[in-house]
Amino acid sequence: MTGMIVSRLIQLPLVLLAIYTATFVLAWAIPGDAVAGDEDKLIDPAVLASIKARYALDDPARFYVEYLDGATGLRWARRSLAGEDAPGPVFDLGPSFTHADWTVNEILASSLGVSITLGLLAVGIALVIGLTAGVIGALRPGSAIDAITLVVALVGVSLPSFVNGTALLMVFPVWLGLGTVGGWGTFADLWLPAFTLSLPYAAYVARLTRLGMIDALRADHVRTARAKGCSAWRVVMKHALKNAFLPVLSYLGPACAFAMTGSFVVEKVFNVPGVGQHFVDAVLGKDLFVIMGVTLVFSALIVTLNLLVDVLYRVVDPRIE
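Residues numbered from 1 in each chain as written. Predicted model: local features only at pLDDT ≥ 70, side-chain atom pairs only at ≥ 80, totals over all residues. Heavy atoms only, no water.

A. Inspection of the nonpolar core at higher detail. Ranked by size, the top nonpolar core spans 27 residues in total, and within it Val123, Leu192, Leu197, Tyr201, Tyr251, Phe270 and Leu305 carry the most contacts. Broken down by secondary-structure element, the contributors of at least two residues to this core are helix H5 (104-139), helix H7 (161-176), helix H8 (187-217), helix H10 (232-261), helix H11 (264-270) and helix H13 (288-316). A total of nine residues in this core trace back to one element, the largest contributor, which is H10. Setting aside residues no more than four positions away along its own chain, tyrosine 201 makes contact with Ala126, Tyr251, Ala255, Phe258 and Ala259. Counting residues in hydrophobic clusters, the runner-up holds 26 residues, among them Ala27, Phe63, Val104 and Ile107. (Core = buried A, V, L, I, M, F, W, Y, C linked by side-chain atoms within 4.5 Å. Buried < 20%, exposed > 50% of the residue type's maximum accessible area, 1.4 Å probe, protein only. Helix = DSSP H or I, 4+ residues; strand = E, 2+ residues; numbered from the N terminus. Contact = heavy atoms within 4.5 Å.)

Pasting the structure below:
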């Protein structure tokens, strides 16, 4: 296991560099100019040229190198080792042009916790719904309740988040008066966007659990447990579900990462003050610093969570090489 962890840690910066390069190419190709802003905002050409030269926005190759130098902490480390003054954060993600007087570090500090909280709660809800639906469906394969869980799972996977979010907004806060529209800080603000975000993940968990449980319930050790007189609850929870949970565990890494980093649409629909709000505005305004900084941070989260899941997978089942 140690060799696997070391190998993955060596691969991590290479993966992040590839993601950074692809994001840079796509972000630079976005039409528009973050510095100039809207067409009706007239900026003195000399001032505009000075700003672009300061942040290397007039030279793609220079921007690529200088931003990577600051974002990875290499610039800070180099100046510190040389005894020079190294002001600012260690990992400098740059300023934001779409959010005046804010740096990307400040934007992430104020909103990243919201996105992570929303994503983790959504994964928790998805586990409760998905495991329950998958176990119930596996215990009665081919029954009406199994068909219902399959249909619900199919709907959950197929419908996009903005459709689910809009429909739930109309049903609960507008028609039933349950929950709030916009805002953050109370349970009433939290449960509806988290539930909306959890639906596709709950559907996948339900399908994985159902298939794994069907195979596990047919295994020899489960039949032996039943022959020894173990209760149905003990057979399902201790002997079958433990093995059926392994595919779900392998899915949890990407699920947690994508739930925390892929909640942009849900945050926009429910007006949640997470990173998604700022990222959407940055894409529309071609704010290269926000686009690159958010992508780098979230990519690091995804890669790290995938590594943790691989480690947990081998802890749960040591037979896996």
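B. Looking closely at the side chain of arginine 210. Among the structural elements, arginine 210 can be located in helix H8. A relative accessible area of 16% places arginine 210 in the buried class. Leave out the neighbours within four places in its chain, and arginine 210 touches Gly134, Gly137, Ala138, Pro141, Asp146 and Leu150.

C. Region of the structure containing the pattern of salt bridges. Scanning all chains against the criterion turns up four salt bridges. Close ionic contact of arginine 78 with aspartate 69 constitutes a salt bridge, the shortest N to O distance being 2.6 Å. Take aspartate 69: its relative accessible area is 15%, and that puts it in the buried class. Several salt bridges converge on common partners, so that one network encompasses Asp69, Arg75, Arg78 and Asp92. (Salt bridge = Lys/Arg side-chain N within 4 Å of Asp/Glu carboxyl O.)

D. Spatial organisation of the packing of aromatic side chains. Following the criterion strictly, the structure yields 14 aromatic pairs and no others. Between tryptophan 28 and phenylalanine 63, the aromatic rings sit 5.7 Å apart at their centres with planes inclined by 50°, giving tilted as the arrangement. With tryptophan 28 in helix H1 (residues 2-28) and phenylalanine 63 in helix H3 (residues 60-71), the pair connects residues that are 35 residues apart, well separated along the chain. Judged by its relative accessible area of 22%, tryptophan 28 falls in the partly exposed class. Among the aromatic residues, those joined into a ring-pair cluster are Tyr20, Phe24, Trp28, Tyr55, Phe63, Tyr64, Tyr67, Phe97 and Phe289. Of note, lysine 286 hangs over the ring of tryptophan 28, and the distance from its end group to the ring centre comes to 5.9 Å. (Phe/Tyr/Trp six-rings, centres within 6.5 Å; stacked < 30°, edge-to-face > 60°. Lys NZ or Arg CZ within 6 Å of the ring centre and 35° of its normal.)

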